[in-house]
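Residue strings, one per chain:
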Amino acid sequence: MKSVLSHSRLDPFDRKILAIIQKDCTAPLRVIADSVCLSAPAVQRRVKRLMNDGVILSNVAVVDPAAVSPSITVIVEVLVACETCDQLEAVKHIFSMEPAIQQCYYVTGGADFVLVINVPTMADFEAFTRRLFFGKNGVKRFRSLVAMDRVKVSLSVPALEETD
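In what follows, the accompanying structure is described. (Residues numbered from 1 in each chain as written. Predicted model: local features only at pLDDT ≥ 70, side-chain atom pairs only at ≥ 80, totals over all residues. Heavy atoms only, no water.)

## Examining helix α2 (residues 29-36)
Those residues of α2 that sit buried are I32, A33 and V36. Buried residues in α2, looked at end-on, bunch into an arc of 100 degrees, giving them a common side. What points out from α2, more than 90 degrees from its buried face, is the exposed set R30 and D34. Contact partners of the buried residues in α2: α1 (12-21) and α3 (40-52). Where α2 ends, the next residue or the one after it, C37, has phi of about 60 degrees, a positive value. (Buried < 20%, exposed > 50% of the residue type's maximum accessible area, 1.4 Å probe, protein only. Helix = DSSP H or I, 4+ residues; strand = E, 2+ residues; numbered from the N terminus. Arc of directions from axis to C-beta. Contact = heavy atoms within 4.5 Å.)

Listed below in structure tokens is the structure:
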């Protein structure tokens, strides 16, 4: 596993570069360099270091699911029946391998996991729940919330340019 730099080791240039590329990872190095007052080779070295250190996890395109096919987003709270470390790790692995699960969080409170799921139809969601939840994988109970509108979708890290 890559070692991640502590937040205190990110200098103001790193933070400004990250703020730019998390909005547009296709921004040319010269444009980034002009914005942060560094040379393009210096920006390239910094971006490479941030990738090698695990600060930048990937460069992706954000696709609108509705533009590709019919799409329903469902947020699901999952309570598992037993919470031993081995069983929790097994559930984490199963959830991480499921293509319909876009995001999975192990949480505190009334649920053990919160999932963000994207499926084409409610019939697909029903098949998903039968496959993953009913009598399998140690799921005791789940609660579904069907999204009516995507008001905001972002994985951006806020306040990257703040250094004080």
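## What about the pairing of strand β2 (residues 101-106)?
Taken together, the five bridges between β2 and strand β3 (residues 113-119) define a ladder with antiparallel strand orientation. Considered in β3, the bridge of Y106 is made with F113. Count of turn residues in the β2/β3 antiparallel hairpin: six residues, of which G109 carries a positive phi of about 105 degrees. (Pairing = 2+ DSSP bridges.)

## Details of the packing of aromatic side chains
As enumerated under the stated definition, the model contains seven aromatic pairs in all. Arranged with centres 5.6 Å apart and planes meeting at 90 degrees, the rings of F128 and F133 form a pair that is edge-to-face. Look at F133 and you get buried, because its relative accessible area is 2%. Here the aromatic cluster, defined as three or more aromatic residues joined through ring pairs, consists of F95, Y106, F113, F125, F128, F133, F134 and F142. (Phe/Tyr/Trp six-rings, centres within 6.5 Å; stacked < 30°, edge-to-face > 60°.)

## Focus on unusual backbone geometry
Leave glycine aside and you will find that most residues have negative phi; peptide bonds, for their part, are mostly trans. Although it is not a glycine, C37 sits at a positive phi angle of roughly 60 degrees. Within the element layout of this structure, C37 appears in the loop between α2 and α3. Residue C37 is classed as exposed on the basis of its relative accessible area of 67%.

## Description of the pattern of salt bridges
Taken as a whole and judged by the stated rule, the model has seven salt bridges. Taking the shortest distance from any N to any O, the salt bridge between R143 and E77 comes out at 3.6 Å. Here R143, found in strand β4 (residues 139-146), pairs with E77, found in strand β1 (residues 72-80); they are 66 residues apart in sequence, far enough to count as distant. For E89, the salt bridge is made with K92, and the minimal N-O distance between the two is 3.3 Å. You can see E89 and its partner K92 sitting in helix α5 (residues 85-97), three residues apart, about one turn around the helix. You can call E89 partly exposed: its relative accessible area is 47%. Via salt bridges that share partners, D11, D14, R46 and R49 belong to a single interconnected network. (Salt bridge = Lys/Arg side-chain N within 4 Å of Asp/Glu carboxyl O.)

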